Amino acid sequence: MRTLDRYLLKEVAETWLAVTGVLLVILLSNQLARVLSQAAANDFPRDVVFSLIGLTSAGYLTLIAPIGFFLAIMLGLGRMYHESEMAAIQSCGVGPAGLYRPISYLGVFITVLLVWLSFWAIPAASARAQQIRTEALQNAQFGLLEPGRFRTFGGGNVVFYAERVDDNGILHNVNVFVDRTQDPESDGTLEVWVATRAEQRGAGQADQMFVLYDGEHYKGVPGRGDWQITHFAEGGYPIRLGEIGGRAGKAGMKPTAELIQSSDPRDRAELQWRISTPVMALILMLIAVPLARLRPRQGRFGRIGIAILVYFVYWQLLAAGRTWIEGGSVSEWIGLWWVHGVALALGLWLLSREAPFTRARAVAA
């Protein structure tokens, strides 16, 4: 590589790393808040939280790597135009082809990275994250009761509490509260079970049975004095928790080989979406070089707003096209290629304005 090529590559690569890092931190802060909120609501352990953050953050790379590359070219070349470095480079006979050559090295690397992420890494990470989330939810909702902590079931209408648990798994000093006051289909009663000991049968399953020994059962309507009090030696209270769906069949978690063989419109749309990510990075590289050109005395960030608008429209058209494929409104043969075709035409049009024969024809006129 020539000295100029190394200089251009270094400028764009450092800017890409900086922009991608900043965007990743912003998105991870939002993801961290979501995971912590879910962990607090479902009592996830700490290792589950870190695993979910790490696995779900990989999915953001396919979103920020193309826009980071696009903005890196705009910012890097924009600085050179603003500080008149590009004027000196062009005076040495370096045209658009000379600018694309070093930038394309980074573009190929990013494209290969996006292919690996989109086709293999992210689907596997998404499936693993969903598996960890499902297992954590099952452990939180279906697992053994912990002494000294309240556990809610049935949407919060049933609350269990045990003071302690012995080495045999027997719960001691157990309280069960069943609130039916807000249920329109019941008589609005409140039940309280108090037992000296209890067993939790079926822990880890959706159907469980709590067997209570040597206790009392209170049943009545709050505010009224006609409460029923029953003493029992053994009593059972069933709990039906329902299954937790793992969404294993979601298209984004399926391997690419399975998507290729599938005829489901959602799977076909997901396959084209995975192809679109690296294609978009290359087309944005084509658009960025001519779009980064600044007029004399124009600010360094004069074209950044236009670049963000181009990316936003490009991304929204891809998202709309994906929805149309899933709904059957657009044939999969048309798919998302028309969006890439429009963006490619825009890049070629911008590039044609930089071509030497265009300038020569304008001077002759």
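Keep in mind that this is a model prediction, so the values were computed, not measured. (Residues numbered from 1 in each chain as written. Predicted model: local features only at pLDDT ≥ 70, side-chain atom pairs only at ≥ 80, totals over all residues. Heavy atoms only, no water.)

Colleague: Let's hear about empty space enclosed by the protein: which residues, and what values?
Modeller: Here the structure, examined in full by the defined rule, presents one cavity of 30 Å³ or more. Size it by volume and the largest cavity reaches roughly 40 Å³. Split by residue class, the lining of the largest cavity holds five nonpolar, two polar and two charged. (1 Å grid on protein atoms, 1.4 Å probe; cavity = no way out; pocket = protein on both sides within 12 Å on 5 of 7 lines; lining within 4 Å. Points joined across faces, edges and corners; volume = space filled by probe spheres on them. Nonpolar A, V, L, I, M, F, W, Y, C, P; charged D, E, K, R; others polar.)

Colleague: Go over the UniProt feature "transmembrane region" (unreviewed entry) in the chain with me, naming the residues and quoting the values.
Modeller: The positions UniProt marks with the feature "transmembrane region" (unreviewed entry) are residues 12-29, 49-78, 99-122, 304-321 and 333-351. Regarding residues 333-351, the helix share stands at 79% and the strand share at 0%, and the terminal C-alpha atoms are separated by 28 Å. (UniProt positions renumbered as here; feature names shortened; annotations may be inferred. Helix = DSSP H or I, 4+ residues; strand = E, 2+ residues; numbered from the N terminus.)

Colleague: Explain the packing of aromatic side chains to me, using residue names and the numbers behind them.
Modeller: Under the criterion given, the structure shown has nine aromatic pairs. With 5.1 Å between their ring centres and 80° between their planes, Trp273 and Trp315 make a pair best called edge-to-face. Pair noted here: Trp273 is in helix α7 (residues 265-291) and Trp315 is in helix α8 (residues 304-327), with a separation of 42 residues, a long-range link. Of the aromatic side chains, those joined through ring pairs into one cluster are Phe160, Trp193, Phe210, Phe232 and Tyr237. A cation over an aromatic ring shows up here: Arg197 above the ring of Tyr213, its NZ or CZ 4.5 Å from the ring centre. Positioned above the aromatic ring of Trp273 is the side chain of Arg322, whose terminal nitrogen or guanidinium carbon lies 4.9 Å from the ring centre. (Phe/Tyr/Trp six-rings, centres within 6.5 Å; stacked < 30°, edge-to-face > 60°. Lys NZ or Arg CZ within 6 Å of the ring centre and 35° of its normal.)

Colleague: Any details on the pairing of strand β3 (residues 171-179)? Residues and values, ideally.
Modeller: As paired strands, strand β2 (residues 158-165) and β3 are joined by seven bridges and run antiparallel to one another. Looking at β3, one finds that Phe160 is bridged to Val176. Following β2, the chain reverses through five residues before pairing antiparallel with β3; Gly169 in that reversal takes a positive phi of roughly 80°. Where β3 and strand β4 (residues 190-201) come together, eight bridges link them in antiparallel fashion. Residue pairing in the sheet places Val178 in a bridge with Glu191 of β4. (Pairing = 2+ DSSP bridges.)

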